[in-house]
Every structure is written in C-alpha cells, then in structure tokens.
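# Structural overview
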Amino acid sequence: GNSVTQMEGPVTLSEEAFLTINCTYTATGYPSLFWYVQYPGEGLQLLLKATKADDKGSNKGFEATYRKETTSFHLEKGSVQVSDSAVYFCALSGYNKLIFGAGTRLAVHP
Amino acid sequence: DGGITQSPKYLFRKEGQNVTLSCEQNLNHDAMYWYRQDPGQGLRLIYYSQIVNDFQKGDIAEGYSVSREKKESFPLTVTSAQKNPTAFYLCASSNLGGAYSGANVLTFGAGSRLTVL
C-alpha cells in the first residue's frame, strides 16, 4: 500500500543554517505530494505541494521537488529562523484521503 | 473568515465515559476527516466522510463513532470501548477530487486534546 517515510528527528540547527528533511514514498500511480507544518499546540497547515513529477513546490523560503525516479520529496530551506521551529509532516494523496509520515521535529536556536 | 472550529480545546474524561468532540467548518467543503495524533507519531485516520449521511472507517475506527447529518458538522464520539483514548484529535476538511488529482488539500482545525483521568 501507499506509505510515507520521513527522517527521524529531532533536527536541531542554529539560526541561518541550511535545512534538509528527507521524505520518501511508496505509491501506485502518480500521487500528489505535500508538506504540512504544525506549530506547538496547533493543527497542521499546508506548507507546499507538488502534483506531478519534477514539480517544485515552494513557500516561505521552503522548497521541495517531486522526484519520481528516487520516489522522494525532500524539504529544504537555505536559512532557517527560530520561528521555523515546528513539526513537519510529509504526505501523499491516496484515494480521497492523505497518508502522513511520522513527522520530523525541527528546533532552531539563536 | 472561513475555517474549521474544534471544541473543546481541552477535555478530561473519566474511564468508562463517552465524550463527543465537535468539528464545524464554514468552507463549504464536501469531505471531512478525523485524525488522531500521539506523541512522536504521525497522524492516523479514524473516520472520514465525503457526503452528508455517509462516512467510512479509517485505519483506527474501533472505539470511535461519527455522524454527518449536516455538511458543516462532523462530530466524533470517543466511546468507552476505546482503550487508550488519551491523544490529540484533529479534524480536517477538503474539497473532493479524484484519486491523485491533487485536489485533496486539507484544512485543519486547531485540535482537541483529550485526557483520560
């Protein structure tokens, strides 16, 4: 069945460091891929998405490219801020529902 | 502003009690979902509904029940049959799309934290 695997956290970085959070998936067909972010005590918010191979989703300095050949959708940001501290979830679209990875906690310190 | 409202934000339950979590949306979305989140784990789907008066079990439906009498509302009841109900519960909604259409962008509520005493 469809599944998503994310790198385990927590990821701890200094402000202005480069961020990569790995995400790989298993799916039949050509699902859409998503990154969601969850700030402490809140629900999830859509960060970015890509609907087909080679698409690049981007938002708030974050980027991820849909790589069909490696079945990956890694999240990157060139320079993180303290305000980026949150839990990040990779997800793929199943039939009328989303399948989420386990989440990766990011902590950015000044 | 359009969005999803979950209530209560915090809820305490004694063992053996049923509790109901409210979820209301004013986004005119057809589909609604309930997810459970445990510390350090991802989201697991409990139930979802694509149309009024119809709903489907997700991956962990045992011990839970739902109803969808109105498009805007999708309440979740945590019954006494749920053996480990302490968790963070998230409601979400979306427009419907076909499989892999990319239309399934979920909008989430702020969540309800249930603790069993």
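Right above here is the structure, for reference.
Below you will find a few notes about this structure.

How each quantity is defined
- Residues numbered from 1 in each chain as written.
- Chains lettered and ligands numbered in written order.
- Predicted model: local features only at pLDDT ≥ 70, side-chain atom pairs only at ≥ 80, totals over all residues.
- Heavy atoms only, no water.
- Salt bridge = Lys/Arg side-chain N within 4 Å of Asp/Glu carboxyl O.
- Buried < 20%, exposed > 50% of the residue type's maximum accessible area, 1.4 Å probe, protein only.
- Contact = heavy atoms within 4.5 Å.
- Buried area = accessible area lost by both parts, 1.4 Å probe.
- Polar contact = N/O pair within 3.5 Å; in protein donor to acceptor, adjacent residues only side chain to side chain.
- Helix = DSSP H or I, 4+ residues; strand = E, 2+ residues; numbered from the N terminus.
- Phe/Tyr/Trp six-rings, centres within 6.5 Å; stacked < 30°, edge-to-face > 60°.
- Lys NZ or Arg CZ within 6 Å of the ring centre and 35° of its normal.
- Pairing = 2+ DSSP bridges.
- Axes fitted to C-alpha atoms, helices over the stretch in contact; angles between N-to-C directions.
- Disulfide = S-S within 2.5 Å.
- Core = buried A, V, L, I, M, F, W, Y, C linked by side-chain atoms within 4.5 Å.

All names here are of chain B. In total, this model carries 6 salt bridges over all chains according to the counting rule given. The partner of Arg36 in a salt bridge is Asp38, with the nearest N and O atoms 2.9 Å apart. You can call Arg36 buried: its relative accessible area is 4%. Each of Arg36, Asp38 and Arg44 takes part in a single network of salt bridges with overlapping partners.

This part covers the interface of chain B and chain A. Listed as interface residues are 26 residues of chain B and, on the opposing side, 25 residues of chain A. Across the chain B/chain A interface, buried area totals approximately 1900 Å², and carbon plus sulfur atoms make up 54% of it. Between the two partners, chain B and chain A, sit 5 residue pairs in polar contact (both at pLDDT 80 or more). Listed by contribution, the elements that provide at least two residues to the side of chain B that touches chain A are strand E4 (31-37), strand E5 (43-51) and strand E9 (87-94) of chain B. Top element by residues in the side of chain B that touches chain A is E5(B). It accounts for 4 residues.

Our next topic: the packing of aromatic side chains. The final tally for this structure, using the stated rule, is 13 aromatic pairs over all chains. Taking the centre distance of 6.2 Å and the plane angle of 40° together, the rings of A:Phe34 and A:Tyr36 count as tilted. Accessibility assignment for this pair places A:Phe34 and A:Tyr36 in one class, buried. Aromatic side chains B:Tyr64 and B:Tyr89 sit 5.9 Å apart centroid to centroid with 65° between the ring planes, which places their arrangement in the edge-to-face category. In this pair, B:Tyr64 is assigned in strand E7 (residues 64-66) and B:Tyr89 in strand E9, connecting sequence segments 25 residues apart. Grouping residues by exposure puts B:Tyr64 and B:Tyr89 together as buried. Counting every residue linked through ring pairs, the aromatic cluster contains A:Phe34, A:Tyr36, A:Phe89, A:Phe100, B:Tyr33, B:Tyr35, B:Tyr48 and B:Phe108. In this structure, B:Arg68 is placed above the aromatic ring of B:Phe74, and the distance from its NZ or CZ to the ring centre is 6.0 Å.

Residues and elements named next belong to chain B. Here strand E11 (residues 112-116) shows a clear split, with Ser112, Leu114 and Val116 buried on one side and none of Arg113 and Thr115 buried on the other. Bridge count between strand E2 (residues 10-13) and E11: 4 bridges; the pairing is parallel. Paired with Phe12 across the strands is Thr115, a residue of E11.

Strand pairing in a sheet relies on backbone hydrogen bonds, with the paired strands running either antiparallel or parallel. All names here are of chain A. Strands sit in the order E3-E9-E8-E7 across an open sheet of 4 strands; the sheet is antiparallel. In this open sheet, the two strands that pair with only one neighbour each are strand E3 (19-21) and strand E7 (56-59). In this sheet, neighbouring strand axes are inclined to one another by 15° on average, regardless of whether the strands run parallel or antiparallel.

On to the state of the cysteines, then. Residues and elements named next belong to chain A. All chains considered together, the criterion is met by 2 disulfides over all chains. Two residues, Cys23 and Cys90, share a disulfide whose sulfurs are 2.0 Å apart. Measuring handedness by torsion sign, the sulfur bridge of Cys23 and Cys90 sits at about -70° and is left-handed. Here the residue Cys23 occupies a position in strand E4 (residues 23-26), and Cys90 occupies one in strand E10 (residues 86-93), the gap between them amounting to 67 residues.

Residues and elements named next belong to chain B. Read across the sheet, 4 strands follow the order E1-E3-E8-E7 without closing on themselves; strand pairing throughout is antiparallel. In this open sheet, the two edge strands, each paired with only one partner strand, are strand E1 (4-7) and E7. In this sheet, neighbouring strand axes are inclined to one another by 20° on average, regardless of whether the strands run parallel or antiparallel. Summarising the sheet, E1 and strand E3 (residues 19-25) pair through 4 bridges and their orientation is antiparallel. Counterpart to Thr5 in the pairing with E3 is Glu24.

The next subject is the nonpolar core. All names here are of chain A. In this structure, Leu19, Trp35, Leu47, Leu48, Phe73, Leu75 and Tyr88 are the most contacted members of the largest nonpolar core, which totals 25 residues. Contributions of two or more residues to this core are made by strand E2 (11-14), E3, E4, strand E5 (33-38), strand E6 (44-50), strand E8 (62-65), E10 and strand E12 (104-109). The biggest single contributor to this core is E10, with 4 residues. Leaving out residues up to four positions away in the same chain, Phe73 has contacts with Cys23, Leu33, Phe34, Trp35, Leu48, Lys49, Ala50, Ala64, Thr65, Tyr66 and Cys90.

These values are about where atoms sit, not about what they do.
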